[in-house]
Amino acid sequence: MGAYEDVFRASTDDPETFWLQAARAVDWHVAPTRALDATRQPFYRWFPDGELNVCHNALDRHVDAGRGAQPALIHDSPVTGTQRTYTYVELRDEVARFAGVLAGLGVGRGDRVVIYLPMVPEAAVAMLACARIGAVHSVVFGGFAPKELAARIDDATPTVVVSASCGIEGKRVIEYKPLLDRAIELAAHTPAKRVILQRPQAVAAMGPDDVDWVEAMATATPAACVPVAATDPLYILYTSGTTGKPKGVVRDGGGYTVALAWTMPNMFDVGPGETIFTASDVGWVVGHSYIVYAPLIAGATSVLYEGKPVGTPDAGQFWRVVAEHRVKSLFTAPTAFRAIKKEDPAGALAAGYDLSSLEYLFLAGERLDPETYRWASDLLGIPVIDHWWQTETGWPIAGNLMGLDPLQIKPGSPTKPLPGWDVRVLDISGRPAEPGVDGAIVLRLPLPPGSLPTLWNDDARFVASYLSAFDGYYLTGDGGHIDADGYLFVMGRTDDVINVAGHRLSTGGMEEVLASHPDVAECAVIGVADPMKGQVPRGFVVLKAGVDRDADELAAELVALVRDQVGAVASLREVAVVASLPKTRSGKILRKTMRGIADGADEPVPSTIDDATVLDALRPVLRRE
Ligand code: COA
Ligand code: AMP
């Protein structure tokens, strides 16, 4: 058997020994004597008697080991034309000082801090500062609108919000402070203070509860690492479910640190002194795990990039970053490569840079289509590694262990399950699907360390959303199959979650916004295939009886409404006014059938349909004929 099979089998045959062994890579204040606590099923806990501090593991221990002068974080920002490198000592000092700022504002162990920042190094500093004092951070992606931010503030009830005067999207300056002010007006909960990072591109007007980042740092007393229980929450990260109410995924510190520490050498093949460039955003799970925590826990150097793969200034920026910072592993979403390919189909810009340091390209966040796989692998001539995971899981469920035992790549497959993940495919009645046959992808409980123990303040929703469909299994919401060689193929979501440019969004949330318009009687939002973003949402609305509106004018109003209520990231650009929506006899809108027709499939008319003529009338609209 190969090393992959050995390791995978060890993790499933004797998880207790496997994970206690993995936990040795981490510094503990109190070392765990047990790995899994299964006494309160289906709520599992990892390392129940361990105590540690995640920030100590990310920063202080590397300084203590004499590697304080090594670069920890490189902020590379083509949109501002700046770069800044923090060594481990510098980053630790900055984090300790900001931890002192938070403590001075009354933030203590278990208190929440919402972070609404663009891709500036202060985002990582604020996250690690929370970890340092045992506070729980909740980072909200900058592309979300005030209403979405307000919903997260109300759920997390933070003591402090950390934000900035602005973010920069290409050449546009987006003022964040007015968005934050609006969110606080909308929210029922009022955070005691807001710490604002003033950026030169836009200076924010400050109110009585606003604290200037630089001024607060100047007088703060650095705070030490506080040991906390391994099971204490490190962060809450909200993600889209099938309704408009986001789910607060909880991450505990101990299991997460152990799992991330395991993946860095074994999967990403990045160790101390080597550089990883994860082109994502700290607002997403990929940013939490592989921009901030994992690279630092591993003692590596992480590039925090503020910009897009294309645009400002050109589609060669990823190559420039790789060459300038001697990047070994590049990690991004397939959509970024589709965007580069569109601008520079021959990859001519890559030829202008020395890419000899680059050994791997890791892609995740959405399905890696074989065409993008081939383009990237032909261009770079290095392994292009698809891997599959979710906000809930915190680290890859399936991938190819490049540092341990690289397996043959099959385009279209994220290869095989990583240790601890017992991945199965079930048919609709809960029986194992035959090899090669699509079904629901589920994970047998317990999930490994680092995965979500529950949803914030909502055990019931955790059970209802993930554990109720098939007894003893976590429902991923993805569909796909396992082939005869044990390779997994993830084909897409089976629920109303869509993936737009690697961003996870809820069509249900957008429908709630469309339905709130006074002229709309009913509506449907579906995700349709898009050559660059993978999927984009399309809206369909039926007007209330007696409403006579210009369809284009109303569509523009509805697009603006979604942008205002959900945020620019929703990318809803098309809304069609239609006479009626196809439904089953029990009144359910046939979204899956609509999606299939819009994507060009020859969808059979479902036998459950109420009135097939409605679908006939809609077909040309769906197909844009
Ligand atoms: N703050 C404010 N606005 C933001 C934002 C932020 N942090 N992030 C995105 N937006 C805005 C964009 O400016 C855009 O606005 P527009 O409609 O006015 O143009 C809108 O939200 C949609 O953004 P996006 O879907 O990212 O489209 P894009 O055309 O700006 O960029 C890509 C497309 C493919 C280049 C970009 O999404 C990308 O690089 N994605 C891959 C990496 C990644 O982030 N993956 C996430 C998980 S791994
Ligand atoms: P998020 O929680 O935002 O990370 O989104 C998770 C979802 O993205 C998954 O449930 C999948 O639908 C999709 N996804 C992530 N990675 C992959 C991949 N490698 N292949 C296919 N789908 C993926």
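Residues numbered from 1 in each chain as written. Chains lettered and ligands numbered in written order. Predicted model: local features only at pLDDT ≥ 70, side-chain atom pairs only at ≥ 80, totals over all residues. Heavy atoms only, no water.

Participant: Sorry, what's going on with the sheet that holds strand β24 (residues 439-444) here?
Facilitator: Strands pair in a sheet through their backbones, by hydrogen bonds, and they do so in one of two ways: parallel or antiparallel. Strand order in the open sheet formed by four strands is β23-β24-β25-β26, and the pairing between neighbours is antiparallel. One side of each edge strand has no neighbouring strand; the edge strands of this open sheet are β23 (423-426) and β26 (488-493). Taking each pair of neighbouring strands and ignoring which way they run, the sheet shows an average axis angle of 50 degrees. Sheet analysis places β24 next to strand β25 (residues 473-482), joined by five bridges and oriented antiparallel. Bridge assignment links G439 to a residue of β25, and that residue is G480. (Pairing = 2+ DSSP bridges. Helix = DSSP H or I, 4+ residues; strand = E, 2+ residues; numbered from the N terminus. Axes fitted to C-alpha atoms, helices over the stretch in contact; angles between N-to-C directions.)

Participant: Is there a simple way to think about unusual backbone geometry in this case?
Facilitator: Residues other than glycine predominantly adopt negative phi, and peptide bonds predominantly adopt the trans conformation. In this structure, the amide linkage connecting Q41 to the following residue, P42, adopts the cis form with an omega of 5 degrees. For P42, the location among the structural elements is in the loop between β1 (36-40) and β2 (43-46). P446 follows L445 through a cis peptide bond whose omega is -5 degrees. Structurally, P446 is set in the loop between β24 and α14 (459-467). In this model, R326 sits at a positive phi of 50 degrees, which is unusual for a non-glycine residue. Mapping R326 onto the fold places it in the loop between α11 (317-325) and β18 (329-332). With a phi close to 55 degrees, N457 is a non-glycine residue in the positive phi region. Relative to the elements of secondary structure, N457 occurs in the loop between β24 and α14.

Participant: Sorry, what's going on with the site of ligand 2 here?
Facilitator: Taken together, 15 residues surround ligand 2, and among them H387, T391, D478, R493 and R504 come closest. The separation between a nitrogen atom of ligand 2 and a polar side-chain atom of D386 is 2.8 Å. One of the backbone nitrogen or oxygen atoms of H387 is found 2.8 Å away from a nitrogen atom of ligand 2. When isolated, ligand 2 has an accessible area of 490 Å², and the protein chains bury 94% of it. Split by residue class, the shell around ligand 2 holds four nonpolar, five polar and six charged. (Near = heavy atom within 4 Å. Polar contact = N/O pair within 3.5 Å; in protein donor to acceptor, adjacent residues only side chain to side chain. Areas by Shrake-Rupley, 256 points an atom, 1.4 Å probe, with all protein chains shown as cover. Nonpolar A, V, L, I, M, F, W, Y, C, P; charged D, E, K, R; others polar.)

Participant: Any chance you could explain the site of ligand 1 here in plain terms?
Facilitator: Ligand 1 sits among 25 residues. The nearest are E169, R172, K308, K533 and R563. K308 has a polar side-chain atom sitting 2.9 Å from an oxygen atom of ligand 1. At 3.0 Å, a side-chain N or O of K533 approaches an oxygen atom of ligand 1. Starting from 940 Å² of accessible surface for ligand 1 in isolation, the protein chains cover 86%. Counted by class, the shell around ligand 1 contains eleven nonpolar, eight polar and six charged residues. When we break the shell around ligand 1 down by domain, the ones giving at least three residues each are domain 1 (3-307 + 387-480) and domain 2 (501-618). (Domains from an automatic or database assignment.)

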